[in-house]
Amino acid sequence: MTARAVVGLQWGDEGKGKIVDLLASRAQLVVRYQGGANAGHTVVVRGRRMVSHLVPSGAHHPGVECVIGAGVVLDPAALLDEIGQLREIGIDLAGRLWVSERAHVVFAYHKALDQLQDSAPGAARIGTTGRGIGPCYGDKVNRTGIRVADLYDEGVLASRLAASIAAANDRLVRAGREIFDLEATLAATRSLAERIRPHVCDAEERVAHAIRAGREVLFEGAQGTLLDVDLGTYPYVTSSNAGSGGIPSGTGLPLRVLDLCLGVTKAYATRVGEGPFPTELRDDVGSRLREVGREYGATTGRPRRCGWLDGVALRYAARVNGADGLAVMKLDCLSGFHPVKICRAYRIAGAESERFPAGLSALERAEPVYEELPGWDGDISRSRGIPELPSEARHFLSRTEEITGAPVTIVSVGPGREQTIEGRLR
Ligand code: GDP
Ligand code: IMO
Ligand code: MG
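Position numbers for residues start from 1 in each chain and track the written sequence from start to end. Key to labels: chains lettered from A, ligands numbered from 1, both in the order written. Local features in this predicted model are restricted to residues whose pLDDT is 70 or higher, and side-chain atom pairs enter the listing and the counts only when it is 80 or higher, whereas totals over whole chains, interfaces and linings include all residues. In computing side-chain values, all of the structure's heavy atoms are included and hydrogens and water are not.

## Focus: the coordination of the magnesium ion (ligand 3)
Octahedral six-donor coordination of a metal ideally yields angles of 90 or 180 degrees, compared with 109.5 degrees for tetrahedral four-donor coordination.
No. 1: For Na, K and Ca the donor cutoff is 3.2 Å, while for all other metals N, O and S atoms must lie within 2.8 Å; water is not among the atoms, so some sites may look incomplete. At 2.0 to 2.2 Å from the magnesium ion (ligand 3) lie its protein donor atoms, namely D13 (OD) and G40 (O). Placement of the pair is D13 in the loop between β1 (3-8) and α1 (16-24) and G40 in the loop between β2 (29-32) and β3 (41-45), with a sequence separation of 27 residues.
No. 2: The buried label goes to any residue with under 20% of its type's maximum accessible area, the exposed label to any with over 50%, and the partly exposed label to all in between, with areas taken from a 1.4 Å probe on protein chains only. Using a relative accessible area of 22% as the deciding quantity, one classes D13 as partly exposed. Numbering of helices and strands runs from the N terminus, with a helix taken as a DSSP run of H or I at least four residues long and a strand as a DSSP run of E at least two residues long.

## Some remarks on the domain arrangement of the protein
No. 1: For the protein, the assigned domains are domain 1 (3-101 + 200-260), domain 2 (104-196) and domain 3 (265-422).
No. 2: Residue contacts follow a heavy-atom distance rule, with two residues in contact if any of their heavy atoms lie within 4.5 Å. Taken together, the contact between domain 1 and domain 2 spans 25 residues of the former and 21 residues of the latter.
No. 3: What counts as buried area is the accessible surface, traced by a 1.4 Å probe, that two parts surrender upon association, with contributions from both included. Between domain 1 and domain 2, a total of about 1900 Å² is buried, with carbon and sulfur atoms accounting for 67% of that surface.
No. 4: Considering only the side of domain 1, the residues that lose the most area to domain 2 are V73, L80 and V200, jointly responsible for 29% of the buried surface there.
No. 5: Should a side-chain nitrogen of Lys or Arg be within 4 Å of a carboxyl oxygen of Asp or Glu, the pair is scored as a salt bridge. In this structure, the connection of domain 1 to domain 2 is made through one salt bridge.
No. 6: Taking the shortest distance from any N to any O, the salt bridge between D75 and K111 comes out at 2.8 Å.
No. 7: Polar contacts, as used here, are pairs of N or O atoms within 3.5 Å; protein pairs need one atom able to donate a hydrogen and one able to accept it. Residues neighboring in sequence count only if both atoms are side-chain atoms. At the boundary of domain 1 and domain 2, one finds seven residue pairs in polar contact (both at pLDDT 80 or more). Boundaries between domains were set according to an automatic or database domain assignment.

## Focus on the site of ligand 2
No. 1: Taken together, 20 residues surround ligand 2, and among them D13, K16, H41, T129 and T238 come closest.
No. 2: At 2.8 Å, a backbone N or O of Q223 approaches an oxygen atom of ligand 2.
No. 3: Measuring from an oxygen atom of ligand 2, one finds a side-chain N or O atom of R302 at 2.9 Å.
No. 4: Accessible surface is estimated by sampling points in the Shrake-Rupley manner with a 1.4 Å probe; for residues, cover comes only from the protein chains shown. Here ligand 2 has 550 Å² of accessible area as a free molecule, and 97% of this is covered by the chains. Nearness is judged by heavy atoms alone; a residue qualifies as near a molecule or strand once a single heavy atom is within 4 Å of it.

## Examining the site of ligand 1
No. 1: Neighbouring ligand 1 are 19 residues; G15, K16, T42, D332 and S412 lie closest to it.
No. 2: One nitrogen or oxygen atom from the main chain of G40 is found 2.9 Å from an oxygen atom belonging to ligand 1.
No. 3: Compared with its free state, where it exposes 590 Å², ligand 1 has 92% of that area covered by protein.
No. 4: Secondary-structure elements contributing two or more residues to the shell around ligand 1 are α1 and β3.
No. 5: Sort the elements by how many residues they give to the shell around ligand 1 and α1 lands first, with three residues.
No. 6: Under the convention adopted here, Pro, Cys and the residues Ala, Val, Leu, Ile, Met, Phe, Trp and Tyr are nonpolar, Asp, Glu, Lys and Arg are charged, and Gly plus all remaining residues are polar. Grouping the constituent residues of the shell around ligand 1 by class yields five nonpolar, seven polar and seven charged.
No. 7: Mapped onto the domain boundaries, the shell around ligand 1 takes at least three residues apiece from domain 1 (3-101 + 200-260) and domain 3 (265-422).

## Topic: α1
No. 1: Counted residue by residue, α1 has nine buried out of nine residues, so it is predominantly covered.
No. 2: Every buried residue of α1 is listed here: K16, G17, K18, I19, V20, D21, L22, L23 and A24.

## Quick word on the packing of helix α3 (residues 108-118) against helix α5 (residues 154-174)
No. 1: Contact geometry of α3 with α5 gives a least axis separation of 10 Å together with a crossing angle of 25°. Taken together, the axes of α3 and α5 are roughly parallel relative to one another. Handedness of the α3/α5 crossing: left-handed. Along the contact surface, α3 presents Y109, A112, L113, L116 and Q117, while α5 presents L161, S164, I165, A168, R171 and L172. To define axes, lines are fitted to C-alpha atoms, for helices over the stretch in contact only, and angles between the resulting N-to-C directions are given on a 0 to 180 degree scale. By definition in this entry, angles of less than 35 degrees are roughly parallel, angles greater than 145 are roughly antiparallel, angles of 65 to 115 are roughly perpendicular, and the rest are oblique. The crossing is said to be left-handed when, going from far helix to near helix, the turn is anticlockwise and less than a right angle, and right-handed when the turn is clockwise.

Take a look at the structure:
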């Protein structure tokens, strides 16, 4: 196996960071292909918790190269902050962090526009992370964006930035918000560009070369399939292709590149921000899941909405990603819940269906049809093999696998690297 992907199958925060860190011990390159600093990926190494937003989660393995691909939107200031924080704990990224010249740059005005759009009266509030992601991807598809390569071409940078700032200021001034000064932005941008310069390269060529040389490459998805701009619960999505479909376009590799796609899911479901969530629990059970699972955003600290595992959405996500296996995370958090539920179908306007609907109002009206399974008690965070798990937990995993149609290949019972069980259920 030379190229493997780790993608989220829900609405993000599935535990991708932990899985990428775990698998990175056997990889030589870890590549982010989409999203930006809206991601918050947690890695716990020897009890120390670290959250990365832009730097790939392979950073904690000294020999691993980390690549930020063409499909990512790069906030240079956020990247430099992260590099600095990692340096403080002894992790040096010099000579092993590579940023694509083709990635688009997130500017401060993108963040201001993001916050403006998401609070505009009359418009549907998405509940974005406020990291400028939507406006930056918007500029990219409108062909008005600025790419990393442009930062080193003074004429291009000055003229494109002048046009972008004028357009942004036009909107900001009408909303009574603070506007941006071209000269100050140019000066700040030049300084940031110099500081990231040692990391900038033709990252697409580098990854292609590594694959040709038979090196192990891991693609790290950010967000989750249900937040994918094409396949998610549109318009309550992010602005990139979070699923495995984002890999070829976000890295310049051919479709056939992947040897294996691992889909990551929690043993229950969470969502941050607005949008449909059929299995959401607005009761004590939901609050208990939030407390037990410490479901507060790694990027914004917002409380996450919690609910039961949605088998309908999971089967859909596994299919559209071509998931070869499932990593089921946070199984330890379900201990003590009686019963444990999995949604196996939706009832929409009186009719039962196992299909994940495209229409927003259908999803909003969908009532979950649950399968109730016996729960289990006790601390399972020290289990290191499937046979050590309570029989009820094993039954829950088999039903998850049957309902989803993809085999469970990893079970996670705690945030630490060692709190992981690898291997098939049977
Ligand atoms: P990501 O965005 O997909 O990387 O996930 P986040 O880092 O945003 O959120 C996952 C959270 O769950 C983090 O705080 C992890 O440390 C934690 N976590 C991951 N796996 C497990 C697990 O199996 N059990 C428990 N209790 N926590 C976990
Ligand atoms: P990781 O990689 C969970 C959500 C936001 C909002 C929507 C759009 O840690 O799983 P955006 O700022 O991207 O325009 O916001 O997407 N969102 C995430 N939710 N995990 C994430 O990343 C997310 N990144 C964005 O809450 O609903
Ligand atoms: Mg996260």
